Amino acid sequence: LVAVSNLFTTGSGPGSVSVYRAGTTTPEYTLTDPLAYKGIGVAFDRRKNCYWSFNETSSSGGRIVEFRKCKGAPIDIGVSLGFAGGLAFDADDNLWYTDQEAGLFKCTGISSCALVSSSFGDPAMINFDKAGDRLYLMDVDFGIYVVTRFDAARSPKVHPDYHVSPFVTIPAS
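None of these values were measured; they are calculated from a predicted model.

Cut-offs used in this document
- Residues numbered from 1 in each chain as written.
- Predicted model: local features only at pLDDT ≥ 70, side-chain atom pairs only at ≥ 80, totals over all residues.
- Heavy atoms only, no water.
- Helix = DSSP H or I, 4+ residues; strand = E, 2+ residues; numbered from the N terminus.
- Buried < 20%, exposed > 50% of the residue type's maximum accessible area, 1.4 Å probe, protein only.
- Contact = heavy atoms within 4.5 Å.
- Areas by Shrake-Rupley, 256 points an atom, 1.4 Å probe, with all protein chains shown as cover.
- Core = buried A, V, L, I, M, F, W, Y, C linked by side-chain atoms within 4.5 Å.
- Salt bridge = Lys/Arg side-chain N within 4 Å of Asp/Glu carboxyl O.
- Pairing = 2+ DSSP bridges.
- Axes fitted to C-alpha atoms, helices over the stretch in contact; angles between N-to-C directions.
- Phe/Tyr/Trp six-rings, centres within 6.5 Å; stacked < 30°, edge-to-face > 60°.

(A) Representation of the overall build of the protein in the model. Helix and strand counts for the protein stand at zero helices and 15 strands. Within the protein, the proportion of its 173 residues that are buried is 47%. Residue pairs in contact within the protein that sit at least 24 positions apart in sequence constitute 32% of those at least 6 positions apart. Approximately 8,900 Å² of the protein is accessible, and the part contributed by carbon and sulfur atoms is 55%.

If you want it as structure tokens, here you go:
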């Protein structure tokens, strides 16, 4: 499956998730949440459940929901956002997400989420490399950052466990 988060649906309706089967060019079905206004990010865990971040209003206030096996009704996982951003799962199946108002968060599984870094202008989207040991974060204001662990044995609850460094910067105009 390929899941695509739609900012808005046709006619500027609320955001949604279009789900495609391999090799198709039209969605097989669409997932929605009655609280969604603007769709932002979508990611799969190892069990092929998909998670969607969205905003509830035009200006802010968002959440993350789960769709089991990327079907059916949304399940609120209890994550509230100031302004929704991207989602990704690491090699250990832990959810990472950005709140564009607060920064980068890491969860244990999909709960016990903690702020990793708030040192960004507008942290929008994230994704892990193929090995799952480097997280790339797109900051709309400053460019792309790479986030790596200092010490894999230490608890990732505080920012000093991670190294956040510029990868690509946006030139000043």
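(B) Molecular detail of the nonpolar core. Core analysis: the biggest nonpolar cluster contains 14 residues, and Ile 64, Leu 87, Leu 95 and Tyr 97 have the highest contact counts within it. Looking at this core, the elements that each hand over two or more residues are strand S4 (38-44), strand S7 (75-81), strand S8 (84-89), strand S9 (95-99) and strand S10 (103-108). Aside from chain neighbours lying at most four places away, what touches Ile 64 is Tyr 51, Trp 52, Ser 53, Ile 75, Asp 76, Ile 77, Val 79, Leu 81, Leu 87, Leu 95 and Tyr 97. If you look at the next biggest cluster of nonpolar residues, it comprises 12 residues, including Tyr 29, Leu 31, Ala 36 and Phe 67.

(C) Molecular detail of unusual backbone geometry. Non-glycine residue Cys 70 carries a positive phi angle of around 60°. In this fold, Cys 70 is placed in the loop between strand S6 (62-67) and S7. The residue Asp 93 is not glycine, and still its phi comes out positive at about 70°. Checked against the element boundaries, Asp 93 lands in the loop between S8 and S9. The exposure class of Asp 93 is buried, given its relative accessible area of 9%.

(D) Highlighting the pattern of salt bridges. Applying the stated rule across the entire model yields six salt bridges. Here Arg 47 ties to Asp 93 by a salt bridge, and the two come within 2.9 Å at their closest N and O atoms. One end of the pair, Arg 47, is in the loop between S4 and strand S5 (50-55); the other, Asp 93, is in the loop between S8 and S9, and 46 residues separate them in sequence. A salt bridge links Arg 68 to Glu 66, with the shortest nitrogen-to-oxygen separation between them at 3.1 Å. Residue classification places Arg 68 among the partly exposed positions, given a relative accessible area of 49%. Looking at Glu 66, the relative accessible area reads 4%, which means it is buried. Each of Asp 45, Arg 47 and Asp 93 takes part in one network of salt bridges that share partners.

(E) Molecular detail of the sheet that holds S5. The strand order across the open sheet built from four strands is S4-S5-S6-S7, with neighbouring strands paired in antiparallel fashion. Strand pairing shows two members of the sheet lacking a second neighbour, S4 and S7, which therefore form its edges. For this sheet, the mean inter-axis angle between neighbouring strands, taken without regard to orientation, is 20°. Relative to S6, S5 runs antiparallel, the two sharing six bridges. The partner of Cys 50 across the bridge, within S6, is Phe 67.

(F) The packing of aromatic side chains, seen in detail. Under the criterion given, the structure shown has six aromatic pairs. The interplanar angle of 55° and the centroid separation of 5.1 Å between the aromatic rings of Tyr 51 and Phe 89 together place this pair among those described as tilted. One end of the pair, Tyr 51, is in strand S5; the other, Phe 89, is in strand S8, with 38 residues separating them in the sequence. Exposure class is identical for Tyr 51 and Phe 89. Each is buried. Pairing Tyr 97 with Phe 105 gives two aromatic rings, centres 4.9 Å apart and planes at 5°, and the pair type is stacked. The exposure class assigned to Phe 105 is buried, which follows from its relative accessible area of 14%.

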